[in-house]
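# What the coordinates show
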Amino acid sequence: MCQCCNAAETKTKEALELEKVFNKFAGKKGALIPVLQAAQEIYGYLPAEVLKEISANLQIPLSKIYGVVTFYAQFHLKPRGRNIIRVCLGTACHVRGGAKVAEAVTKAVGIKDGETSEDLRYTFESVACLGACGLAPVMMVNDDTHGRLTPDMVAGLLEQYK
Ligand code: FES
């Protein structure tokens, strides 16, 4: 209940989830990384307001939090697509046409490496190895591995991910 006008506070589902995370880690050392991971799980990325809340709650300067978030590739400051496309450009995939697969992704969904489509349907990232070199060239979409790709297979595959 709001102190000044007695109106019921309307917290978003995400804010309530974040509160639970704060409670779980209250007073614990080394809480920053797990709290950031949990917050990213809740919001899909780390919005600036959420980082401010984390700073206030854990009593860690915001500048330090930004330092951590920008250091680790696992954290994202911008919204990400519902479908994460990872195209491998590691050695095995490179020699078998990984770059052509990456080009086909850009052609199919209109975004380049590192970008997210405006409708948040896709995020496209290149990676150094997906651990499936025997299937080169390889692309993952979310948790699905697609191997032995040719560029002309890409558009049809991506179309399945809404
Ligand atoms: S180099 Fe592409 S999966 Fe290993």
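Procedures and definitions
Think of each chain on its own: its residues are numbered from 1, step by step along the sequence as written. Given that the model is predicted, a residue must reach a pLDDT of at least 70 before its local features are reported, and side-chain atom pairs must reach 80 or more before they are shown or counted; all residues, however, enter totals for whole chains, interfaces and linings. Whether two strands pair comes down to DSSP finding at least two bridges between them. Strands here mean DSSP runs of E at least two residues long; helices mean DSSP runs of H or I at least four residues long; both are numbered from the N terminus. A set of buried Ala, Val, Leu, Ile, Met, Phe, Trp, Tyr and Cys residues, joined through C-beta atoms within 7 Å, is what we mean by a nonpolar core. With C-beta atoms placed from the backbone, a residue is buried if 20 or more other C-beta atoms are within 10 Å of its own, exposed if 12 or fewer are, and partly exposed between those counts. Here contacts are defined at the residue level, using C-beta atoms placed from the backbone and a cut-off of 7 Å between them. Between the N-to-C directions of two axes lies an angle of 0 to 180 degrees, each axis being a line fitted to C-alpha atoms and, for a helix, fitted only over the stretch in contact. Here a crossing is taken to be left-handed if its near helix is turned anticlockwise relative to the far helix by less than a right angle, and right-handed if that turn runs clockwise. Comment on the angle field: the value is read as roughly parallel under 35 degrees, roughly antiparallel over 145, roughly perpendicular from 65 to 115, and oblique elsewhere. Polarity classes work like this: nonpolar for Ala, Val, Leu, Ile, Met, Phe, Trp, Tyr, Cys and Pro, charged for Asp, Glu, Lys and Arg, and polar for all others, with Gly in that last group.

### Structural notes on the pairing of strand E1 (residues 83–88)
In terms of strand pairing, E1 meets strand E2 (residues 122–127) through six bridges, oriented parallel. Bridging across to E2, Ile84 finds its partner in Thr123. Relative to strand E3 (residues 139–141), E1 runs antiparallel, the two sharing three bridges. The residue of E3 that forms the bridge with Arg86 is Met140.

### Description of the nonpolar core
Residues Ile85, Val87, Val101, Val105 and Met139 are the most contacted members of the largest nonpolar core, which totals 18 residues. Elements supplying a minimum of two residues to this core: E1, helix H6 (98–109), E2 and helix H7 (151–159). Here this core gets five residues from one element, more than from any other, and that element is H6. With sequence-adjacent residues up to four places away left out, Ile85 is seen in contact with Val105, Tyr122, Thr123, Phe124, Met139, Val141 and Leu158. If you look at the next biggest cluster of nonpolar residues, it comprises eight residues, including Val35, Leu46, Ile54 and Ile65.

### Regarding the packing of helix H2 (residues 32–43) against helix H3 (residues 48–58)
Axis separation between H2 and H3 bottoms out at 11 Å; the angle between their running directions is 145 degrees. H3 is crossed by H2, and the crossing has right-handed handedness. On H3, the residues touching Leu32, Val35, Leu36, Ala39 and Tyr43 of H2 are Val50, Ile54 and Leu58.

### Some points on the packing of H6 against H7
The interhelical angle for the contact between H6 and H7, taken along N-to-C directions, is 40 degrees, at an axis separation of 8 Å. By the angle class used here, H6 and H7 are oblique. Viewed along their axes, H6 and H7 form a crossing whose handedness is right-handed. Only Pro151, Val154, Ala155 and Leu158 of H7 make contact with H6, whose side of the interface consists of Lys100, Val101, Glu103, Ala104, Val105, Ala108 and Val109. Taken together, the residues that form the contact of H6 with H7 break down as nine nonpolar, no polar and two charged.

### What about the environment of Leu36?
Here Leu36 lies in helix H2. C-alpha separation for the pair Leu36 and Leu51, spaced 15 residues apart in sequence, amounts to 8.2 Å. Residues contacting Leu36, with those up to four places away along its chain left out, are Leu46, Ile54, Val68, Val69 and Phe75.

### Digging into the sheet that holds strand E4 (residues 144–146)
The four strands are arranged E2-E1-E3-E4 in an open sheet whose pairing can be described as mixed. Looking at which strands have only one partner, the edges of the open sheet turn out to be E2 and E4. Across the sheet, the mean angle separating the axes of adjacent strands is 20 degrees when strand polarity is ignored. Its contacts with the sheet place H6 against E1, E2 and E3, and it is angled at close to 155 degrees to E1.

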